[in-house]
Amino acid sequence: TLVLSGSGSIATSSGVSSANAAVFDISATTSGVSIVSLVGSSTATSGVVLGSKTLTLSNASGNYSGVIGGTGGLTLSTGTETLSGVNTYTGSTIIQGGSVYLDHANALGSSSGLSASGNTNLYVRGVNLAAVPIALNGSNTQMHLQGDGSYAGGVSGSGSLIKESTGTFTLSGT
């Protein structure tokens, strides 16, 4: 277990890599944590413990398939991150730039919403995505729907929805 508290920081490290039952806990930090990237797969009940804090990925480059949990949120500043775990966090998800791949129905946990802006690509790859509200804020913000899947939540904003590859992707939200 790696616990950061107070103003603890590993922002200049190459990122956090998780394996086996490893836990990365930021719940005791003063105002959340910024790391470069998050990769790996923890088998712990919650491989990343947010508490009420926000985890920021400053230049993501990887796949995280463990569980991100807590009432806090997740922010991607730039880079490419794949979320393929059964996440349980309930805070907001913010994408300020880069690409996020959602490879599990609960990749966004029970997030209060996803807000994407800047030059952003959100890829939903062949899953029945949980009904988390999604805001595509800006003309360079795109949501790519790939393969068979569905999404029952609402999509708002001036960004684009793009259906890619074969299969049927059903949108049933408002």
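First, a word on scope: everything that follows refers to the structure included in this document.

## Comments concerning the pattern of salt bridges
Item 1. Under the definition given, this model contains one salt bridge.
Item 2. The salt bridge involving Arg125 is made with Asp103; its shortest N-O contact spans 2.7 Å. Pair noted here: Arg125 is in strand β15 (residues 120-125) and Asp103 is in the loop between β13 (98-102) and β14 (113-117), with a separation of 22 residues, a long-range link.
Item 3. Exposure remark for Arg125: the relative accessible area of 32% places this residue in the partly exposed category.
Item 4. Since its relative accessible area comes to 28%, Asp103 is described here as partly exposed.

## Brief notes about the sheet that holds strand β19 (residues 149-151)
Item 1. Overall, parallel pairing links the three strands, which are arranged β16-β19-β22 in an open sheet. Single-partner strands in this sheet number two, and they are β16 (128-129) and β22 (169-171).
Item 2. One ladder, built from three bridges, connects β19 with β22; its direction is parallel. Residue pairing for β22: Gly149 is matched across the bridge by Phe169.

## Here's the deal with the sheet that holds strand β9 (residues 68-69)
Item 1. The sheet built from four strands is open, its strands ordered β1-β3-β6-β9 with parallel pairing. Lying at the two open borders of the sheet, with one neighbouring strand each, are β1 (2-6) and β9.
Item 2. As judged from the two bridges shared by strand β6 (residues 48-49) and β9, these two strands associate in the parallel manner. Paired with Val49 across the two strands is Gly69, which belongs to β9.

The rules behind each value
Residues numbered from 1 in each chain as written. Predicted model: local features only at pLDDT ≥ 70, side-chain atom pairs only at ≥ 80, totals over all residues. Heavy atoms only, no water. Salt bridge = Lys/Arg side-chain N within 4 Å of Asp/Glu carboxyl O. Helix = DSSP H or I, 4+ residues; strand = E, 2+ residues; numbered from the N terminus. Buried < 20%, exposed > 50% of the residue type's maximum accessible area, 1.4 Å probe, protein only. Pairing = 2+ DSSP bridges.

Bear in mind that shape data such as this cannot, by itself, settle questions of function.
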